[in-house]
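Secondary and tertiary structure notes
The residues making up each chain are set out below.
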Amino acid sequence: MSSPAMMLRRFCCFSTAVSPSTSSSSSAPTAKKKPLVFLGSPQVSATVLDALFNASSSPDSPFEVAAIVTQPPARRNRGKKIMPSPVAQHALNRGFSPELILTPERAGEDSFLYTLRALNPDICITAAYGNILPSKFLKIPPLGTVNIHPSLLPLYRGAAPVQRAIQDGVKETGVSLAFTVRALDAGPVIASQRWEVDDRIKAPDLLDLLFSEGSKLLIRELPSLLDGSAQAKAKPQDETKATLAPKVRAFAGWPGTRAKFAVMDKENGKQNVIELKIITTRVCSEIRSEGGEVDGLSFANGALLVPCGGGTVLEVLEVQLPGKKVVNAAAFWNGLRGQTLKKL
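What comes next concerns the included structure. (Residues numbered from 1 in each chain as written. Predicted model: local features only at pLDDT ≥ 70, side-chain atom pairs only at ≥ 80, totals over all residues. Heavy atoms only, no water.)

Quick notes on the overall build of the protein
A tally of regular secondary structure across the protein gives nine helices and 16 strands. For the protein, with 344 residues in total, the buried portion stands at 43%. Put simply, of all contacts in the protein between residues at least 6 apart along the chain, 67% involve residues at least 24 apart. Counting every atom, the protein has about 18,000 Å² of accessible surface; 53% of that belongs to carbon and sulfur. (Helix = DSSP H or I, 4+ residues; strand = E, 2+ residues; numbered from the N terminus. Buried < 20%, exposed > 50% of the residue type's maximum accessible area, 1.4 Å probe, protein only. Contact = heavy atoms within 4.5 Å. Areas by Shrake-Rupley, 256 points an atom, 1.4 Å probe, with all protein chains shown as cover.)

Right, here's the structure in full:
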């Protein structure tokens, strides 16, 4: 098992481009400020970290970002280069000390927990960190560990709350601030913020919006979190209303939804199979497929109309052919030049 020093050195190779003067977050800790440890990995987490950096830079701030915990460096840009996580890169760009960016493979590693205890954090904040936090971790911060979760808990507990909400066609979702317990996303809720769901928004865009709102919610609630009063006002979740949102694959952004269609040439009767990446859709239950072939696609009002179960139709607004750019449905339909499209 690697020592804490080795764990930190593994990350220091990314520190050469850092300009410490870009942020006051790397300044020496003061006795009056409570140490806060932030855990996050993807780009949406960087929004939360930025809010914490900005809040902590105030002269009268009651806390400081003492350390950052994130996923280890990994191959990005199609595997060509080992890069830090988006959160780690953002922290480096802000001038945060690379020695205080921790990248354990698992949050239960003894070496990592040893380092965390040495930091003596009063509170930990998580936002899409991506690792399970064991009981040994949760016992360390006396004010608890608080998570920003992009749903209105107890709805959509799990790794893909935004994708599942869009899949279900909900009109409203939101973001919750909740204490972390061993059970998945089941801790008492400190505060929440509702958000109306636009019927054309994609999961990555909604995720960005919710974490942005979650950042504001966190900063608003920080005083109660730091003085301990949040623990008294947090409300237990209603287990009878809990729903799960396990990790999913077929959604925009990662890795996207794909479908195969047959392109029919009316003149010679030949059929070619194409695979489309579905970028943007809209479910319209009031539209019904009328006439024509049961599996035939049509075009109306700027959308490809894909017949579905019960006579309903899925409107496809943007698509992408392999190796091509994203185009709207009208451009794709015009490119067929009179050929017809069928579901396979």
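Here the narrative resumes, following the displayed structure.
Here's the deal with the nonpolar core
Counting residues in each nonpolar core, the largest one holds 36 residues, and the members touching the most others are Phe 38, Leu 52, Ile 68, Leu 218 and Leu 225. Those residues in contact with Ile 68 that sit more than four places away from it in its chain are Phe 38, Leu 49, Phe 53, Val 87, Ala 91, Phe 96, Leu 100, Ile 101 and Leu 102. Among the nonpolar cores identified, the runner-up in size contains 15 residues, and Leu 113, Phe 137, Leu 138 and Ile 140 belong to it. (Core = buried A, V, L, I, M, F, W, Y, C linked by side-chain atoms within 4.5 Å.)

Points about the pairing of strand β6 (residues 123–127)
Burial within β6 is extensive, with five of its five residues counted as buried. Residues Ile 123, Ile 125 and Ala 127 point to one face of β6 and Cys 124 and Thr 126 to the other, with burial holding for every one of them. Strand direction decides the pairing type here: strand β1 (residues 34–40) and β6, joined by five bridges, are parallel. Looking at β6, one finds that Gly 40 is bridged to Ala 127. Pairing of β6 with strand β7 (residues 145–149) involves three bridges; the strand directions are parallel. Note on β7: the bridge partner recorded for Ile 125 is Val 146. (Pairing = 2+ DSSP bridges.)

Some points on the pattern of salt bridges
This model, assessed by the stated rule, comprises seven salt bridges. A salt bridge links Glu 172 to Arg 194; the nearest nitrogen and oxygen atoms lie 2.8 Å apart. Within this pair, whereas Glu 172 is found in strand β8 (residues 172–179), its partner Arg 194 is found in strand β9 (residues 189–196), the two being separated by 22 residues in sequence. A relative accessible area of 51% places Arg 194 in the exposed class. Members of the salt-bridge network, linked through shared partners, are Arg 220, Glu 221 and Lys 233. (Salt bridge = Lys/Arg side-chain N within 4 Å of Asp/Glu carboxyl O.)

Comments concerning the packing of aromatic side chains
Per the stated rule, a full pass over the model turns up three aromatic pairs. An angle of 15° between the planes, with centres 6.2 Å apart, marks the rings of Phe 112 and Phe 137 as stacked. Taken together, the residues Phe 112 in helix α4 (residues 110–119) and Phe 137 in helix α5 (residues 135–138) connect sequence positions 25 residues apart. Judged by relative accessible area, Phe 112 falls into the buried class, the value being 0%. With a centroid separation of 5.8 Å and an interplanar angle of 15°, the aromatic rings of Phe 299 and Trp 333 are classed as stacked. Here the residue Phe 299 occupies a position in strand β12 (residues 298–300), and Trp 333 occupies one in helix α9 (residues 329–335), the gap between them amounting to 34 residues. Residue classification places Phe 299 among the partly exposed positions, given a relative accessible area of 30%. (Phe/Tyr/Trp six-rings, centres within 6.5 Å; stacked < 30°, edge-to-face > 60°.)

Overview of the environment of Arg 106
Following the sequence through the fold, Arg 106 ends up in the loop between β5 (101–102) and α4. C-alpha separation for the pair Arg 106 and Leu 133, spaced 27 residues apart in sequence, amounts to 8.4 Å.

Here we look at the sheet that holds β5
Here seven strands make up an open sheet; going across it, the order is β5-β2-β1-β6-β7-β8-β9 and the pairing mixed. Among the strands making up the open sheet, the edge pair consists of β5 and β9. Here β7 pairs with β8 via four bridges, running antiparallel. Each residue of the ladder has a partner; that of His 149, found in β8, is Ser 176. Against the sheet, helix α7 (residues 203–227) makes contact with β1, β2 (63–69), β6, β7, β8 and β9, and its axis sits at roughly 150° relative to β9, the strand it touches most. (Axes fitted to C-alpha atoms, helices over the stretch in contact; angles between N-to-C directions.)

Observations regarding the packing of helix α2 (residues 43–56) against α7
Angle between the axes and distance between the axes: these two values describe a pair of packed helices. Where α2 meets α7, the closest approach of the two axes is 9 Å, and the angle between their N-to-C directions is 25°. Accordingly, the angle class assigned to the pair α2 and α7 is roughly parallel. Here the hand of the crossing between α2 and α7 comes out right-handed. Seen from α2, the contacting residues are Val 44, Thr 47, Val 48, Ala 51, Leu 52 and Ala 55; seen from α7, they are Leu 207, Asp 208, Phe 211, Ser 212, Ser 215, Leu 218, Ile 219 and Leu 222. Looking at side-chain class alone, the contact of α2 with α7 contains 10 nonpolar, three polar and one charged residues. (Parallel < 35°, antiparallel > 145°, perpendicular 65-115°, else oblique. Left-handed = near helix turned anticlockwise from the far one by under 90°. Nonpolar A, V, L, I, M, F, W, Y, C, P; charged D, E, K, R; others polar.)

Structural notes on unusual backbone geometry
For the peptide bond that leads from Leu 153 to Pro 154, omega is 15°, which places it in the cis range. Take Pro 154: it is sitting in the loop between β7 and α6 (161–167). One non-glycine residue, Ala 128, adopts positive backbone phi at about 55°. Structurally, the position occupied by Ala 128 is in the loop between β6 and α5. The class of Ala 128 is partly exposed, set by a relative accessible area of 32%. Positive phi values are uncommon outside glycine, yet Arg 337 reaches one of about 50°.

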